[in-house]
Amino acid sequence: MRKYMLFLGALAIASSTYAQTYKTKFSGANKQVVMDMDAKQLDIEGYSGDEVIIEASDLPKVPQEADGLRPLSAGGVDNTNIGLSSNLNGDILRINVVLKGKATYKVKMPQDLNLIIKKRNSCSCNENGMSISGIKGSIEVNTNYEDITLNNVSGPIVANSSQGKIKIVFDDKMPEKPSSIVSYSDNVDITVSEKAKVLFSISASDGNMFTDLDLKPYTPDPKTIEEEKKAYEEARIIGRKAMESDAARAASDRVAIRSQSSGTATTYAPGNRAYISQSGEGNNVVIGSTNGVVYSFSDGQYRYWDSDRNAPKYVLNEPQTKISIRSTRGNVYLRKKK
Amino acid sequence: MLNEQIITDYLLGHLSEAERVVFEQRLSTDPVLRKEVEELKQVWQMLQNTEADTDSQMDEAFYKALQGEKILATTVVKLSPSPWRQYFKYAAAVAGIAITFWIGRQTAPIQIEYRTIAAASTPSTPPPTHTASLQEAESTEEDFSNTKIPHKKGKQESIDQQIASLRKEMKMTQELVILSLLKERSASERLKGLNYAAALNNPKPAVIQALIKTLREDESLNVRLSTIETLERFKQTDEVKKVLVNQLARADEPIEQSTLIETLVRMRVKESLPVFEQIQKDEKVDESVRILAKNSIGELSMITE
């Protein structure tokens, strides 16, 4: 009997530190998880399932007076039993901490979800660190003091930290959309595969930049742009021909769709796509591509336009993925993946 | 005005007998009042005359219309054996709308078209399926719903899918693309919109307004920073300068503050001096931003001299 009581006792003690779990089905590449977390430590991992699974440990003790009651705060009511409020609204799942005092959370979520981590002002949130890995969707992280660590990510990253370090290791597959990494006080450390095709736009105001990648300074190459213009003209011709006969259509390995009003063709082939817009006079042409790199041709000159035009630009292999880095006081490290 | 009310009542005959007598007595003794009454009377008469004129014209028109209606009424009653005519009316209406629509499209000044960048011989994997959400510009008229696309085996099928999504994409002008990108949920898409905006030579006011709104309201610091840099590119109107100064007064992120300070100095905006001074004194502001503000006061004062 005694042993039994002892065992029960031990179990009771253990259960207070036992990790508790919350699960909810939520997945899809067009869906978002928005987290507003103040924890001791937050680790997020992408996986190939379809549920968001949150494991909490070291939950703060709740006073006896709160027996049978649920925590509630501006973030909502605890509907997960782990100090979090989880609310689904359309395509967005919002998860907020509602219990003060910090717990440790391990989150597993479907890897194609998009993630947004909100910043809490004047908060030493997640002081033991925050890490995100294996997410393929887009990630947006904002922090005050805590360091941001991203591993094996392949979606666009929009990150900023006031006082923390930002460290990102990209997957071999690079994002198509532009990324932006901004850090005020501390370093930015980015690792990409040496075969990746990246256009870096970097500015380190007070710090230094270091790299072991084979970067080349980037200036829009008039030749490349000339070639692109030619390709565009060619596409128009293909398009026109395609209108004329099925044989011509079959012969081209691009498929042309003719635009009736202007007689110009839009061609499309797997691979990169670009958008060309011409202003009314026809002299100002803007060529934009899916990765957000933009050229313009006007007044007889080719220009490369980018909103952060003051920052020096470097190309790794080809200017495909755009990554914009700004560091005020820290250094910037660009590394080759080993 | 009391006078006017009484005069009106008098002219309309609304005064009681006793009141009328009193009023007329007043009239005989008060030349100013007499004058007022006369003037008002004249105005009224003029109005009545013009009304009378219109009335006769209106009458004519009315009778003509009535005739017309009568004729129409008789024809309608026929319920006749030429439904053709009826359908023609509807067809004409539809054609009219279609023509107007078509004319409208013709006059659309800006077109955006797709085209491939990679002249690569081996097509790589098809672009990700979330292109549908991109909503990026599209070509103009597409009249291809009936076109047959040659079948070329497996690869062709994915091209078919992609063409289908191309077709679905909306036809938008350059500005609309940017405006819609700026509203996207994903910060990365908004950054893309800013890149496109930065490439415009003469952005329409709607685009500048959208940029201003983004600067003030966007949740993402990265997007706001990119907006500041984009705004600096354009003709720097007073409105833009004002917005930047206001944003500096509201910003509390050190990097946003320092970017704004540097931008305002480059743009030589004198109006930012008071805000710089405020920041320099504010102890809650990060030390290096305060130093930057202090130095910028010096720099800006020198330039404007």
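Above this text you will find the structure in question.
Each chain has its residues counted from 1, running along the sequence as written. Written order decides the labels, with chains lettered from A and ligands numbered from 1. Two thresholds apply to this predicted model, a pLDDT of at least 70 for residue-level local features and 80 or more for giving and counting side-chain atom pairs, whereas whole-chain, interface and lining totals are computed over all residues. Only hydrogens and water are set aside when side-chain values are computed; all heavy atoms of the structure are taken into account.

### What about the overall build of chain B?
Here is step 1 of the chain: Only DSSP runs of H or I with at least four residues qualify as helices, and only runs of E with at least two residues qualify as strands; both kinds are numbered from the N terminus onward. If you tally the helices and strands in chain B, you get 13 helices and one strand.
Here is step 2 of the chain: Going residue by residue from the N terminus, the α and β elements of chain B occur as α-α-α-α-β-α-α-α-α-α-α-α-α-α.
Here is step 3 of the chain: Each residue's exposure class comes from its accessible area (1.4 Å probe, protein chains only) as a fraction of the maximum for that residue type: buried when under 20%, exposed when over 50%, partly exposed otherwise. Scored against the burial criterion, the 305 residues of chain B give a buried share of 37%.
Here is step 4 of the chain: The protein chains shown are the only cover counted for residues, whose accessible areas, like all others here, come from Shrake-Rupley with a 1.4 Å probe. A total of about 18900 Å² of accessible surface is found on chain B, and carbon and sulfur atoms cover 57% of it.

### Some thoughts on the sheet that holds strand β13 (residues 148-153) of chain A
All names here are of chain A.
Here is step 1 of the chain: Read across the sheet, 10 strands follow the order β1-β4-β9-β3-β11-β13-β15-β17-β29-β19 without closing on themselves; strand pairing throughout is mixed. Of all strands in the sheet, those with a lone pairing partner are β1 (20-25) and β19 (209-211), marking the two edges. For this sheet the average axis-to-axis angle between neighbouring strands, irrespective of direction, equals 10 degrees.
Here is step 2 of the chain: At least two DSSP bridges between two strands are required for those strands to pair. Where strand β3 (residues 41-47) lies against strand β9 (residues 104-110), seven bridges are found, and the strand directions are parallel. Within the sheet, the bridge partner assigned to E45 lies in β9 and is K108. Throughout, an axis means a line fitted to C-alpha atoms (over the contacting stretch in the case of helices), and angles, computed between N-to-C directions, take values from 0 to 180 degrees.

### Digging into the nonpolar core
Residue and element names in this part refer to chain A.
Here is step 1 of the chain: Counting residues in each nonpolar core, the largest one holds 53 residues, and the members touching the most others are I44, Y105, I190 and F200.
Here is step 2 of the chain: In terms of residues, this core owes the most to one element, strand β18 (residues 198-204), which gives four residues.
Here is step 3 of the chain: Note on contacts: a residue pair qualifies if any of its non-hydrogen atoms lie within 4.5 Å across the two residues. Dropping the residues within four chain positions of it, F200 is found in contact with V192, L213, L215, P312, K313, Y314, L316, I323, I325 and L334. Residues belong to a common nonpolar core when they are buried Ala, Val, Leu, Ile, Met, Phe, Trp, Tyr or Cys residues joined through side-chain atoms within 4.5 Å.

### Some remarks on the pattern of salt bridges
Here is step 1 of the chain: Any carboxyl oxygen of Asp or Glu within 4 Å of a side-chain nitrogen of Lys or Arg constitutes a salt bridge here. Inspection of the entire model under this criterion finds 17 salt bridges over all chains.
Here is step 2 of the chain: Residue D50 of chain A pairs with K25 of chain A through a salt bridge whose shortest N-O separation is 3.7 Å. With a gap of 25 residues between them, D50 of chain A in the loop between β3 and β4 (51-57) and K25 of chain A in strand β1 connect regions that are remote in the sequence.
Here is step 3 of the chain: Relative accessible area serves as the criterion here: at 57%, K25 of chain A is assigned to the exposed category.
Here is step 4 of the chain: For R224 of chain B, the salt bridge is made with E256 of chain B, and the minimal N-O distance between the two is 2.8 Å.

### Focus on unusual backbone geometry
Here is step 1 of the chain: Notably, D58 of chain A is not glycine yet its phi reads approximately 55 degrees, a positive angle.
Here is step 2 of the chain: Relative to the helices and strands, D58 of chain A resides in the loop between β4 and β5 (72-73).
Here is step 3 of the chain: Phi at R268 of chain B takes a positive value of approximately 55 degrees, unusual for a residue other than glycine.
Here is step 4 of the chain: In this fold, R268 of chain B is placed in the loop between α11 (254-266) and α12 (273-281).

### Details of the packing of helix α7 (residues 187-198) of chain B against helix α9 (residues 221-233) of chain B
Residues and elements named next belong to chain B.
Here is step 1 of the chain: The contact between α7 and α9 brings their axes to 10 Å, and the two run at 5 degrees. It follows from the interaxial angle that α7 and α9 lie roughly parallel. Between α7 and α9, the residues in contact are A187, R190, L191, L194, A197 and A198 and N222, V223, S226, T227, T230 and R233, respectively.
Here is step 2 of the chain: Ten residues, namely Ala, Val, Leu, Ile, Met, Phe, Trp, Tyr, Cys and Pro, are considered nonpolar, four, namely Asp, Glu, Lys and Arg, are considered charged, and the remaining ones, Gly among them, are considered polar. Counted by class, the contact of α7 with α9 contains six nonpolar, four polar and two charged residues. Roughly parallel refers to an angle under 35 degrees, roughly antiparallel to one over 145, roughly perpendicular to one between 65 and 115, and oblique to any angle outside these ranges.

### Side note on the pairing of strand β29 (residues 332-336) of chain A
Residues and elements named next belong to chain A.
Here is step 1 of the chain: One ladder, built from five bridges, connects strand β17 (residues 188-192) with β29; its direction is parallel. Across the sheet, V188 pairs through a bridge with V332, a residue of β29.
Here is step 2 of the chain: Bridge analysis of β19 against β29 gives three bridges, and the strand direction is parallel. Note on β29: the bridge partner recorded for T211 is L334.

### Some details on the pairing of strand β12 (residues 139-143) of chain A
All names here are of chain A.
Here is step 1 of the chain: By the criterion of burial, β12 is predominantly enclosed, with five of the five residues buried.
Here is step 2 of the chain: Neither face of β12 is open: one carries I139, V141 and T143, the other E140 and N142, and all of them are buried.
Here is step 3 of the chain: In terms of strand pairing, strand β10 (residues 114-117) meets β12 through three bridges, oriented parallel. Note that in β12 the partner of I117 across the bridge is V141.
Here is step 4 of the chain: Of the pairings in the sheet, the one linking β12 to strand β14 (residues 157-161) comprises five bridges and is parallel in character. Along β14, the bridge assignment pairs E140 with V158.

### Focus: α9 of chain B
Along an α-helix, residues three or four positions apart point the same way, because every turn accommodates 3.6 residues.
Here is step 1 of the chain: Multiplying 1.5 Å by the residue count of a helix minus one yields the expected span of that helix. Look at α9 of chain B: 19 Å from first C-alpha to last across 13 residues, which is about the 18 Å you get at 1.5 Å a residue.
Here is step 2 of the chain: Among the 13 residues of α9 of chain B, 13 are classified as buried, and the element is accordingly described as predominantly covered.

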